[in-house]
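Chains, contacts and geometry: an overview
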Number of protein chains: 2
Amino acid sequence: MEQLTISHVSKKYGRQVILEDLNCQLAPGKIYGLLGRNGAGKSTLLNIITGRIFPTNGTVALDKLGTNDQDRVLGQFYLMSESNLYPKRTTIQRMFDLADGSYGHFDYQNANRLLKAFGIDAKIQLSKLSTGLQTAAKLVVALNVNANYVFLDEPTLGLDANHRELFYKELVKSYQEKPRTFVLSTHLIDEIQQLVEHVLILADHHLIEDADVETLLDRAYTVTGPANLVDQYVAGLRVLSADQLGTVKTAYVFDQLDDQRVIPDQVKVGHYDLQKLFIGLTNGGSENE
Amino acid sequence: MEQLTISHVSKKYGRQVILEDLNCQLAPGKIYGLLGRNGAGKSTLLNIITGRIFPTNGTVALDKLGTNDQDRVLGQFYLMSESNLYPKRTTIQRMFDLADGSYGHFDYQNANRLLKAFGIDAKIQLSKLSTGLQTAAKLVVALNVNANYVFLDEPTLGLDANHRELFYKELVKSYQEKPRTFVLSTHLIDEIQQLVEHVLILADHHLIEDADVETLLDRAYTVTGPANLVDQYVAGLRVLSADQLGTVKTAYVFDQLDDQRVIPDQVKVGHYDLQKLFIGLTNGGSENE
């Protein structure tokens, strides 16, 4: 399988900059999280990668093939998105047939099993379903389409906790049976932390992080104790945020801890999770601009 | 402050039963979680309590006053919901004024501070905002309206992780400064577990649980180990679900553990969280019907 390379991608609408000089690579057979605040440009990026919209500048390529004019290349990408591109009365069965027609070898058997698990009738029209079940039906297509790169934009929109759990389990199962690349763009970061291997974080029109989850979390430390000792200990380190309750302070550090620093007895060092890290890295970002 | 009592409330649309003979009480000054699958009737219940729709049977009362005909009573209830009841061009400032007009003593100062934290201009029209910011604007009203019972239906719809964290913090702050009752109806159960004191779980048209979070979680145990030993240990206990990986099994028990049972060395007993418990209790419920 080929590697996907995004080079110098920018997108502007008039004077409004959405993405600026974006560079990254997506490897085959890996699960990615694409994170960003509302309005950070996640959907725009996914639409550019899958050829639904053109970038103002830059290229998206599989190895050395440009995607913009290569049907063979676009046929390896599938985008499941919030916006509904199907004609009004399209049934779920018809969605399966369309995916089979465009990509070939659609896995009807598994799709029908999964449809049943979500409690959806294949003969129903997509637009007649609730928001949550529309998402579920689109996920069934996305998990069974024959594409090497599957992009999921807000895959849990409107799903209740039971259906979210079902989706996460089925994604892992599908990935294990046939490893391919999935890119999940979601606001429910806590829930995908265990699922994704690598994250891309969009903020201020750029990728501010492009790293394995493990590597990122290795630098995410809480330092808790008497405020003066905590301040002393974290001096010179990158502190994303801090809470204080009375005289006890917790600093959220995102930095390599210095082995040479002696940790005072009253100070405790712990870890925090990906969602908290994301919030710390992006506060003041998009939705507040 | 007065206690809210829901007695024998049913709601039917023709032959379709939404709620059947519901009974519960909401105490003043407490934060509740109202949980249920998509389609379980959570929004219907909130609409009945706040007088937006009538129940087919039953009553909602504050102490001994029936709500259906008492303006004084309804004036103690505020419902923030997904559906938008404001005229099309309503600005955020106007929403504040309407809340002040209906309930009196709207906290303009805190509302304006919070609006700024969400990055919203008071002069903008609600309908011009993104889904996430519409939710944020409605939350600002809900957290500053002068009502003793505040019902929040899907309070995190479309919010990114940063704005969800901001909302949770502000809810706690507002509650501490002026204790009143909040009822949160949400699918993000993990995120509200620390926030709510008591949960109501709707399934199959009934309340299947009405208990303090602590009490519920005291009965939520994982039992992990060799499958045969786990099966032996949990025999006779209520097991909600089980996972097996090779010969290692994890059973999710929801029951009082028997002190008399000897735990074999190879078996480990742990805890699981409210979201997992909810899924176990409601799988096979509403959205699959």
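Under an unreviewed UniProt entry, the name given to chain A is ABC superfamily ATP binding cassette transporter, ABC protein, and the organism recorded is Limosilactobacillus antri DSM 16041.

1. Examining the overall build of chain A
The helix and strand inventory of chain A stands at 10 helices and 14 strands. Across its three principal directions, the C-alpha atoms of chain A cover 65 × 40 × 35 Å. When the 289 residues of chain A are sorted by exposure, 54% land in the buried category. Within chain A, counting contacts between residues at least 6 apart in sequence, those at least 24 apart form 69% of the total.

2. Some words on empty space enclosed by the protein
Considering all chains together, one arrives at four cavities of 30 Å³ or more under this definition. Roughly 50 Å³ of volume is contained in the largest cavity. Every residue along the wall of the largest cavity is listed here: A:Arg164, A:Leu188, A:Ile189, A:Asp190, A:Glu191, A:Gln275, B:Leu188, B:Asp190 and B:Glu191. Residue assignment for the lining of the largest cavity shows that the elements contributing at least two residues are helix H7 (189-192) of chain A together with helix H7 (189-192) of chain B. If you tally residues by element for the lining of the largest cavity, the top one is H7(A), at three residues. Among the residues making up the lining of the largest cavity, the classes are represented as three nonpolar, one polar and five charged.

3. Side note on the sheet that holds strand S10 (residues 206-212) of chain A
Residues and elements named next belong to chain A. The six strands are arranged S6-S7-S8-S3-S9-S10 in an open sheet whose pairing can be described as mixed. Strand pairing shows two members of the sheet lacking a second neighbour, strand S6 (77-80) and S10, which therefore form its edges. When the angles between neighbouring strand axes are averaged without regard to direction, this sheet yields 15°. Where strand S9 (residues 198-203) meets S10, six bridges bridge the pair, whose relative direction is antiparallel. The residue bridging His198 from the neighbouring strand is Asp212, located in S10. The strands touched by helix H5 (residues 131-144) are S6, strand S7 (149-153) and strand S8 (181-185); relative to S6, the strand with the most contacts, the crossing angle is about 170°. Each of strand S3 (31-36), S7 and S8 touches helix H6 (residues 161-177); the most contacted strand, S8, lies at about 160° to it.

4. Some points on the pairing of strand S3 (residues 31-36) of chain B
Residues and elements named next belong to chain B. When you tally the buried positions in S3, you get six out of six residues, the bulk of the element. Residues Ile31, Gly33 and Leu35 of S3 are buried on one face, and the alternating residues Tyr32, Leu34 and Gly36, pointing to the opposite face, are buried as well. Inspection of the sheet shows S3 paired to strand S8 (residues 181-185) by four bridges, in the parallel sense. Within the sheet, the bridge partner assigned to Gly33 lies in S8 and is Leu184. By the bridge criterion, five bridges tie S3 to strand S9 (residues 198-203) in an arrangement that is parallel. When the bridges of S9 are listed, Leu34 appears paired with Leu200.

5. Here's the deal with the domain arrangement of chain A
Residue and element names in this part refer to chain A. Partitioning chain A into structural domains gives domain 1 (4-213) and domain 2 (218-288). Between the C-alpha centres of domain 1 and domain 2 the distance comes to 34 Å. If you look at the interface, domain 1 gives 17 residues, while domain 2 gives 13 residues. Between domain 1 and domain 2, roughly 1400 Å² of surface is buried when both sides are summed, and carbon and sulfur atoms account for 61% of that area. There are zero salt bridges connecting domain 1 and domain 2. Put simply, domain 1 and domain 2 have three residue pairs in polar contact (both at pLDDT 80 or more) between them. Counting residues per element, the ones that place at least two in the side of domain 1 that touches domain 2 are S3, H7, S9 and S10. When residues of the side of domain 1 that touches domain 2 are assigned to their parent elements, the largest contribution, three residues, is made by S9.

6. So, the pattern of salt bridges
One pass over the full model with this rule turns up 15 salt bridges over all chains. A:Asp160 is the salt-bridge partner of B:Arg37, the closest N and O atoms lying 2.9 Å from each other. In this pair, B:Arg37 sits in the loop between S3 and helix H1 (42-49) while A:Asp160 sits in the loop between S7 and H6, so the two residues belong to two different chains. Across this residue pair, the class does not change: B:Arg37 and A:Asp160 are buried. Residues A:Lys169 and B:Asp243 are paired through a salt bridge, measuring 4.0 Å at the closest nitrogen-oxygen approach.

7. Focus on the interface of chain A and chain B
Counting residues at the interface gives 31 residues for chain A and 31 residues for chain B. Interface area for chain A against chain B, summed over the two sides, is near 2200 Å², with a carbon-plus-sulfur share of 36%. On inspection of chain A and its partner chain B, the count reaches 22 residue pairs in polar contact (both at pLDDT 80 or more). Listing elements by their share of the side of chain A that touches chain B, those giving two or more residues are H5, H6, H7 and helix H10 (274-282) of chain A.

8. A few points about the relation of the copies chain A and chain B
Note on the identical chains: chain A maps onto chain B by a rotation of 180° and an axial translation of 0.0 Å, with an RMSD of 0.0 Å. Read as a symmetry element, the transformation amounts to a two-fold axis. When you check the interface residues of chain A against chain B, 100% turn up at the interface there too, and the contact is symmetric in its surfaces.

9. Topic: unusual backbone geometry
The backbone of A:His105 shows a phi angle near 50°, a positive value even though the residue is not glycine. Among the structural elements, A:His105 can be located in the loop between helix H3 (92-103) and helix H4 (108-117). Using a relative accessible area of 72% as the deciding quantity, one classes A:His105 as exposed. The backbone phi angle of B:Asp21 is positive, close to 50°, even though this residue is not glycine. Tracing the backbone through its elements, the reader meets B:Asp21 in strand S2 (residues 16-26). Residue B:Asp21 is classed as partly exposed on the basis of its relative accessible area of 39%.

Scoring rules and cut-offs
- Residues numbered from 1 in each chain as written.
- Chains lettered and ligands numbered in written order.
- Predicted model: local features only at pLDDT ≥ 70, side-chain atom pairs only at ≥ 80, totals over all residues.
- Heavy atoms only, no water.
- Helix = DSSP H or I, 4+ residues; strand = E, 2+ residues; numbered from the N terminus.
- Buried < 20%, exposed > 50% of the residue type's maximum accessible area, 1.4 Å probe, protein only.
- Contact = heavy atoms within 4.5 Å.
- 1 Å grid on protein atoms, 1.4 Å probe; cavity = no way out; pocket = protein on both sides within 12 Å on 5 of 7 lines; lining within 4 Å.
- Points joined across faces, edges and corners; volume = space filled by probe spheres on them.
- Nonpolar A, V, L, I, M, F, W, Y, C, P; charged D, E, K, R; others polar.
- Pairing = 2+ DSSP bridges.
- Axes fitted to C-alpha atoms, helices over the stretch in contact; angles between N-to-C directions.
- Domains from an automatic or database assignment.
- Buried area = accessible area lost by both parts, 1.4 Å probe.
- Salt bridge = Lys/Arg side-chain N within 4 Å of Asp/Glu carboxyl O.
- Polar contact = N/O pair within 3.5 Å; in protein donor to acceptor, adjacent residues only side chain to side chain.
- Least-squares fit on C-alpha atoms with pLDDT ≥ 70 in both.

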